[in-house]
Amino acid sequence: MTIDKIFEKLEEVAPVKLSDEFCKKFNMYDNSGIIINCGDEIKGILFTLDLTVKAVEKAKSSGFNLIVTHHPAIYGGISRLNLTDDPQAKALAECIKNGISVISMHLNFDAAPQGIDYQLMCGLGGENAQIAAEIQGGGYGRVYDVEKTKFGEYVQKVKKEFCADKLIAYGDNNKTVRRVASFCGAGCDDYNMSFAQKHCADVFVSADMKHHEILSLIQKGIAVIILSHYASENYGFNKIYLKIKDGLNVNSGYFTDTELL
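*Asks:* What's the story with the packing of aromatic side chains in this structure? I'm lost.
*Replies:* Two aromatic rings, taken as a pair, are described by how far apart their centres are and by the angle between their planes. Tallied over the full model, the rule gives 11 aromatic pairs. Plain terms: the ring middles of phenylalanine 47 and tyrosine 241 are 4.9 Å apart, the flat faces sit at 45 degrees to each other, and that makes the pair tilted. Highlighted residues: phenylalanine 47 in strand β2 (residues 44-48) and tyrosine 241 in helix α10 (residues 229-244), separated in sequence by 194 residues. No difference in accessibility class separates phenylalanine 47 from tyrosine 241, as the two residues are buried. Through successive ring pairs, a cluster of aromatic residues spans Phe47, Phe109, Phe237, Tyr241 and Tyr254.

Below you can see the structure in the form of structure tokens.
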């Protein structure tokens, strides 16, 4: 199967035009699509959140010649490739040297109707959300009801569901949780915090949060759960893989870097 055919199947989940729409509407930048095309028939596919040397080694050992990432393998312009001390450059070079093509599906997979942000909500126990940034039936950032529970118990459920050993929680363990706001990846900003407060969230879940953001939420009575960026997105990316893998008609696998959960 050609890389173009694989790309068509991935776009059935979320076309890159969703990323283009998201960037245009919310003044953002992305680089989703076919990043490296070595031109060979695809023998096997490795899905992984990031293009790393470890992921490339896994693809090589599995006999796969396509890697599908969530985060763009090349995000901005490249002016130099230093293979001595730049791991990202080394990963790219190893792909090219070994005939491994790369596709990245970023904001389109985040914001798809059943994309990564949606899957984060599902893992957190929610459904039927109000969406902070809407596009074509999907979007990014959600507030929703969850089963009533104490914050301390909720934290333990989240930690278990996401295998999130590095989870950090701020809040009263006896606080009652009824509504949750969640944003996959680095989704905490003034607008999203205001959206969470406006829609009566008891807990704010995201990653890569700054001290002043945590402080602001806590002072507003909203508890905080910080997942690693990896844990907040790997969960949903893996769910998408499990849903589509049988329809790819080529051998495939999934790589999780457990050090980053």
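*Asks:* Mind showing me how you'd approach the environment of isoleucine 240 here?
*Replies:* Structurally, isoleucine 240 is set in helix α10. Of the residues examined, isoleucine 240 reaches a relative accessible area of 4% and is grouped as buried. Taking the C-alpha atoms as reference points, isoleucine 240 and serine 194, 46 residues apart in sequence, are found 30 Å from one another. The contact partners of isoleucine 240, leaving out residues within four places of it in the chain, are Val13, Phe109, Gln114, Gly115 and Ile116.

*Asks:* Mind showing me how you'd approach the side chain of aspartate 30 here?
*Replies:* On the secondary structure map, aspartate 30 appears in the loop between α2 (16-26) and β1 (33-36). No salt bridge forms around the buried aspartate 30; measuring N to O, its nearest opposite-charge neighbour lysine 17 is 15 Å away. Polar side-chain contacts of aspartate 30 include one of 2.7 Å to the side chain of serine 32. Beyond its immediate chain neighbours, meaning those up to four positions away, aspartate 30 contacts Ser19, Cys23, Pro72, Tyr75, His106 and Leu107.

*Asks:* What is the right way to look at helix α4 (residues 87-97) in this model?
*Replies:* Within the sequence span of α4, burial applies to Ala89, Ala91, Leu92, Ala93, Glu94 and Cys95. If you follow the buried residues of α4, they end up packed against β1, α3 (53-62), β3 (66-69) and β4 (101-104). By the N-cap criterion, in which a side-chain oxygen at the helix start approaches the backbone nitrogen of a residue two or three places on, α4 is capped by aspartate 86, the distance to glutamine 88 being 3.1 Å. One or two residues past the end of α4 sits glycine 99, with phi positive at roughly 65 degrees.

*Asks:* Even after reading the chapter, I still don't get the pattern of salt bridges, so can you show me in this structure?
*Replies:* A pair can form between side chains of opposite charge whenever their charged atoms are brought close. Here the structure, examined in full by the defined rule, presents 8 salt bridges. One salt bridge in this structure joins lysine 54 and aspartate 257, with 2.9 Å as the shortest N-O distance. Taken as a pair, lysine 54 in helix α3 and aspartate 257 in the segment after β11 (251-255) lie far apart in primary sequence, 203 residues in all. Take aspartate 257: its relative accessible area is 10%, and that puts it in the buried class. In this structure, lysine 60 and glutamate 94 form a salt bridge, with 3.3 Å as the shortest nitrogen-oxygen distance. Note that lysine 60 is positioned in helix α3 and glutamate 94 in helix α4, a separation of 34 residues in sequence.

The rules behind the values
- Residues numbered from 1 in each chain as written.
- Predicted model: local features only at pLDDT ≥ 70, side-chain atom pairs only at ≥ 80, totals over all residues.
- Heavy atoms only, no water.
- Phe/Tyr/Trp six-rings, centres within 6.5 Å; stacked < 30°, edge-to-face > 60°.
- Helix = DSSP H or I, 4+ residues; strand = E, 2+ residues; numbered from the N terminus.
- Buried < 20%, exposed > 50% of the residue type's maximum accessible area, 1.4 Å probe, protein only.
- Contact = heavy atoms within 4.5 Å.
- Lys, Arg positive; Asp, Glu negative; His and termini not counted.
- Salt bridge = Lys/Arg side-chain N within 4 Å of Asp/Glu carboxyl O.
- Polar contact = N/O pair within 3.5 Å; in protein donor to acceptor, adjacent residues only side chain to side chain.

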